[in-house]
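Structural overview for review
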Amino acid sequence: MKRSTSLAPPGGKLAVLLPGMGAVASTFIAGVLLARRGLGTPVGSLTQLGGLRVGGERVRLSQYLPLARLDQLVFGGWDIFPENVHEAALHCKVLEPAQLEPIREELEAIRPMKGVFHPQYVKRLHGTHVKTGATKADLVEQVRQDIRAFLRDKNCTRAVAVWCGSTETYVAADQVHASRRAFEAGLLENDPSITNSQLYAWACIQEGVAFANGSPNLAVDFPAAAELARHHEVALAGKDFKTGQTLMKTVIAPALKARMLGVRGWFSTNILGNRDGEVLDDPESFRSKELTKRGVLEEILQTGDHPALYGDLFHKVRIEYYPPRGDAKEGWDNIDLFGWLGYPMQMKIDFLCRDSILAAPIVLDLALLMDLAQRAGRIGTQDWLGFYFKSPMTEPGRSAEHDLFLQERRLKNTLRAMMGDEARGPSSTESDD
């Protein structure tokens, strides 16, 4: 197999910076530390366990790609609460205390930097560990100083950032997001359309740090951020981790479409009790999440092309805050479909999943693949990473792909291209795995 000569090797330490160090981030960090010691398996991570075919040979991604090793990762980030990562993990109750004990000292040593927090964007949280500044431009500068200090103090050669914070209230792109100049003026004027996540993203891009948005927030999917990323030659990706219910939709909907089975209705409800559930109990934050969850079906089923099968599709999404469940979310779907001669059928899916357990391997893969993209000189939106997101970002003029299996093919073909190997098409007789 041929090897790319343009990929810089993954030398030195890689800082993985996490805005938001709650359930997802603490579960991710703890999992990596346990895997380093051989005390846990990174199940769900393509970069660690997945493979692909090159020619007639099947190879592990971890062997095929020049990825940073787990022992090269250094963890840091920001939060609006002061707990160290061990305390955060105990508070979130995703992992068992006994499992955390062997890595307790390492977790306790990871303390969040003060977070950027304007409460109007996350109304159900009340941060106590926050930065202050006269303008939003001041706060961006403070985050930039944090990044530079972290890289220096931890002796890291480079960094990537993955947003693991809360869902913000819905904000539409405005004039302030139209250009770099307009955004920078908005920072000085404390424009209300510039949210917390945008401040982190803007600081990261200015410091040359690749940024992946794991939330439905308007963080980097607007023209000003794209312009800044081109200027600083930074990779971007997003948005909203595809974990539980939406993951199932991107599997089931393509199957129904492939067999030309009609769908009259798809009702989805979720119950969860973690901090994410508390935040989404606010209607304005739920609005952001609803938009990323609802757009999937219409794109996969191509409702406009098949009006007889999907033209009257009724699609409803609900999220209910239910504290007793904690991080153990239940996603329930009722699908009303029809087949031959219009005869009705139903499908019920009850996915009792764990949000942070499903999200942690996504954070790992995104950190490693965004670093790979950055070293390969891939600038701007990495739409080949749509495999990991509910609402994949794309370049202007391109529609997003939501079918999980088409997304997987695109991801793996992009990796082959980076390594100088040929893509595999849908007519191939060999399975990728």
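To keep things clear, this report deals only with the structure shown in the data block. Since this is a predicted model, take the numbers as computed values, not measurements. (Residues numbered from 1 in each chain as written. Predicted model: local features only at pLDDT ≥ 70, side-chain atom pairs only at ≥ 80, totals over all residues. Heavy atoms only, no water.)

Concerning the overall build of the protein chain
For the protein chain, the helix and strand inventory stands at 16 helices and 13 strands. Against the compact-globule benchmark of 22 Å for 433 residues, the protein chain has a radius of gyration of 21 Å, which places it among compact chains. The C-alpha extent of the protein chain, read off along each of the three principal axes, is 65 × 50 × 50 Å. Counting all 433 residues of the protein chain, 56% fall into the buried class. Carbon and sulfur atoms make up 51% of the accessible area of the protein chain, which amounts to about 18500 Å² in all. (Helix = DSSP H or I, 4+ residues; strand = E, 2+ residues; numbered from the N terminus. Rg over C-alpha atoms; globule rule 2.2 N^0.38 Å. Buried < 20%, exposed > 50% of the residue type's maximum accessible area, 1.4 Å probe, protein only. Areas by Shrake-Rupley, 256 points an atom, 1.4 Å probe, with all protein chains shown as cover.)

A short note on unusual backbone geometry
Going from Gly-238 to Lys-239, the amide bond is cis rather than trans, its omega being -5°. By the secondary structure assignment, Lys-239 is in the loop between β8 (235–238) and α11 (245–258). For Lys-93, which is not glycine, the phi torsion reads 60° and is therefore positive. In this fold, Lys-93 is placed in the loop between α4 (85–92) and α5 (97–100). A relative accessible area of 67% places Lys-93 in the exposed class. Non-glycine residue Asp-240 carries a positive phi angle of around 75°. With respect to the element layout, Asp-240 can be found in the loop between β8 and α11.

As for the nonpolar core
Grouped together as the largest cluster of nonpolar side chains are 66 residues, with contacts concentrated most on Leu-18, Phe-28, Ile-29, Leu-73, Phe-241, Leu-385 and Tyr-388. Residue contributions to this core peak at 12 residues, all from helix α15 (residues 355–375). Not counting residues up to four positions away in its chain, the partners in contact with Leu-73 are Leu-14, Val-16, Val-32, Arg-36, Ala-68, Leu-364 and Leu-368. Residues Leu-139, Val-140, Trp-202 and Val-234 belong to the second largest nonpolar core, which totals 42 residues. (Core = buried A, V, L, I, M, F, W, Y, C linked by side-chain atoms within 4.5 Å. Contact = heavy atoms within 4.5 Å.)

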